[in-house]
Amino acid sequence: MLVFYLYLIGALLLGAVCGMIFTPMILSYCKHHKLYDIPNERKMHTTATPRMGGLSFFPSMLFGFGTCLTILLFKQPSTTSLDIASVCYLAGLGFIYIVGIVDDFIGLNAPIKFVAQTIVATLLPLTGLYLNNLYGLLGIYEIPPLVGIPLTVFAIVFITNAINLIDGIDGLAACLSLLALGGFLVYFRQYNVYVNTYSIMVAAIIGGLLAFLYFNVFGKTEKNTKIFMGDGGSLFLGYMLGFLSIKSAMHNDFIWPYRQEALLVPLTLLFIPIADVIRVTLYRFFHHAPLFKADKNHIHHKLMQAGLTQHQTLAVILATAVLIVVVNLCLNANLNINLIVLIDILLYTLLNVAANFYKNKKKTPKQ
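Residues numbered from 1 in each chain as written. Predicted model: local features only at pLDDT ≥ 70, side-chain atom pairs only at ≥ 80, totals over all residues. Heavy atoms only, no water.

Draft legend 1. The arrangement of the overall build of the chain in detail. From N to C terminus, the chain includes 13 helices and four strands. On C-alpha atoms alone, the chain measures out to a radius of gyration of 20 Å, which is about the 21 Å that the 2.2 N^0.38 rule sets for 367 residues. Oriented by its inertia axes, the alpha-carbon framework of the chain measures out at about 70 × 50 × 40 Å. For the chain, buried positions account for 52% of its 367 residues. (Helix = DSSP H or I, 4+ residues; strand = E, 2+ residues; numbered from the N terminus. Rg over C-alpha atoms; globule rule 2.2 N^0.38 Å. Buried < 20%, exposed > 50% of the residue type's maximum accessible area, 1.4 Å probe, protein only.)

Draft legend 2. Focus on empty space enclosed by the protein. For the structure shown, the criterion picks out one cavity of 30 Å³ or more. The calculated volume of the largest cavity comes to roughly 30 Å³. As for the largest cavity, its lining consists of Leu179, Thr268, Leu269, Leu270, Phe271, Ile272, Pro273, Ala321, Ile324 and Val325. Mapped by element, the contributors of at least two residues to the lining of the largest cavity are α9 (264–269), α10 (271–286) and α12 (310–331). The residue inventory of the lining of the largest cavity, partitioned by class, reads nine nonpolar, one polar and no charged. (1 Å grid on protein atoms, 1.4 Å probe; cavity = no way out; pocket = protein on both sides within 12 Å on 5 of 7 lines; lining within 4 Å. Points joined across faces, edges and corners; volume = space filled by probe spheres on them. Nonpolar A, V, L, I, M, F, W, Y, C, P; charged D, E, K, R; others polar.)

Draft legend 3. Highlighting the packing of aromatic side chains. Tallied over the entire structure, the rule returns 20 aromatic pairs. Their ring planes at 55° and their centres at 5.5 Å tell us that Tyr198 and Phe243 sit as a pair that is tilted. Placement of Tyr198 in helix α7 (residues 197–218) and of Phe243 in helix α8 (residues 230–249) is noted, with a sequence separation of 45 residues between them. By relative accessible area, which is 3% here, Tyr198 ends up buried. Grouping aromatic residues by their ring pairs yields a cluster made of Phe57, Phe58, Tyr97, Phe212 and Phe236. (Phe/Tyr/Trp six-rings, centres within 6.5 Å; stacked < 30°, edge-to-face > 60°.)

Draft legend 4. Representation of the layout of surface pockets in the model. For the second largest pocket, the calculated volume is near 860 Å³. Around the second largest pocket, the lining is made up of 28 residues, and of these Leu137, Phe158, Leu267, Ile274 and Ile278 lie nearest the centre. Those elements that place two or more of their residues in the lining of the second largest pocket are β3 (133–137), α5 (145–166), α8, α9, α10 and α13 (337–363). The residue makeup of the lining of the second largest pocket, split by class, is 24 nonpolar, three polar and one charged.

Draft legend 5. Summary view of the pairing of β3. Of all five residues in β3, four are buried; the element is thus mostly enclosed. In this structure, β3 lies alongside strand β4 (residues 140–142), joined through two bridges in antiparallel fashion. The residue of β4 that forms the bridge with Asn133 is Glu142. Once β3 ends, the chain turns through two residues before running back antiparallel as β4, passing Leu138 with a positive phi of about 60°. (Pairing = 2+ DSSP bridges.)

Draft legend 6. Structural detail: the environment of Pro150. In this structure, Pro150 sits in helix α5. Taking relative accessible area as the criterion, Pro150 reaches 46% and is therefore assigned partly exposed.

Draft legend 7. Just α8, in detail. For α8, built from 20 residues, the straight-helix expectation of 28 Å at 1.5 Å per residue is met to within 8% by its first-to-last C-alpha distance of 29 Å. With 20 of 20 residues buried, α8 lies mostly within the body of the structure. (Expected span 1.5 Å × (residues − 1).)

Draft legend 8. Spatial organisation of the nonpolar core. With 103 residues, the main nonpolar core has Met61, Leu181, Phe236 and Met240 as its most contacted residues. Residues within four places of Met240 in sequence aside, it is in contact with Met61, Tyr89, Leu93, Leu181, Met201 and Ile205. (Core = buried A, V, L, I, M, F, W, Y, C linked by side-chain atoms within 4.5 Å. Contact = heavy atoms within 4.5 Å.)

Draft legend 9. Examining the confidence of the model for the chain more closely. Counting all residues, the mean pLDDT for the chain is 90, and 94% of those residues have values of 70 or more. Ranking the elements of the chain by mean pLDDT puts strand β1 (residues 36–37) last with 80 and α9 first with 97. (pLDDT = per-residue confidence, 0-100.)

Draft legend 10. Representation of α12 within the structure. Between its first and last C-alpha, α12 extends 32 Å over 22 residues, near the 32 Å set by a 1.5 Å rise per residue. Considered for burial, the residues of α12 that qualify are Gln310, Thr313, Leu314, Ile317, Thr320, Ala321, Ile324, Val325 and Asn328. Projected down its long axis, α12 carries its buried residues within an arc of 135°, all on one side. Exposed residues pointing more than 90 degrees away from the buried face of α12 are listed as Leu329 and Cys330. (Arc of directions from axis to C-beta.)

Okay, here's the thing in structure tokens:
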């Protein structure tokens, strides 16, 4: 047991070291080639900032994961294996990472990115990995492949875009991803599944994310130490979290027992980005606005319009995400998934109501 945790710590540290070394190189490259995220009326920053911080994610993960996995395979070859689903996932992860980086370099239109996301999402059901049970959500339990496979593709594309769209202020997408990755790590360990391959992989990207956050949250533009994630990073994280969500939610008797909370786990860990995309989409639909046109109606925009700074907004959203995790942990044993999700929706709605109240109050001129 202790040896396993040493592998996790090693993967995390190697990922962090790689990120700390690689990110300054990316900053210099962006400065030399003028690869900046330019401010506009929708964005929160006011100065041109390098936008390719996500370029460090895949190398950091591969370095930490590959090094520790190689050592583990050498010492205990029977304890770790990569199945066809894992190989296809890594291939899809690499592909969507490249698409995101190309988008950061030259810009890709939405249809091209959507097709790329759909392709990599389809890889997983082709290997037999798909949602086959909703565990009572909306009264639905087992679902056939004819329903589960397209639902899986939709879920992965949805989560990928949710992480991409929540990436609007310093640290937000990275911190929400850290929370989710840490949650999956603990959950897999609880059932003693995927404890080697996926746990080491998750630990390595956590290390890379921590290194990125150092530059993203505490870096200074004038000192050329600040960088944004870019689409390369957000698409990479979104696809990874989508994969882990399906991996944890699929019922498979050969891996772990039936778990009533299986679908609730990814819903809990990713509730804020999921709820934000749904709310923004419904808002645009009911106000007859273009569904895919960017606006400033996301939760982080509303909180900043209410008067909070970027760091205060980050703290409030993270606190809400942690609260949802704690509440769901406490309620899971006594309530079904539908009631728990309704409570989560209520908490998220209260956050939006408070943001709207203070935003409108700030706009109202004093008498």
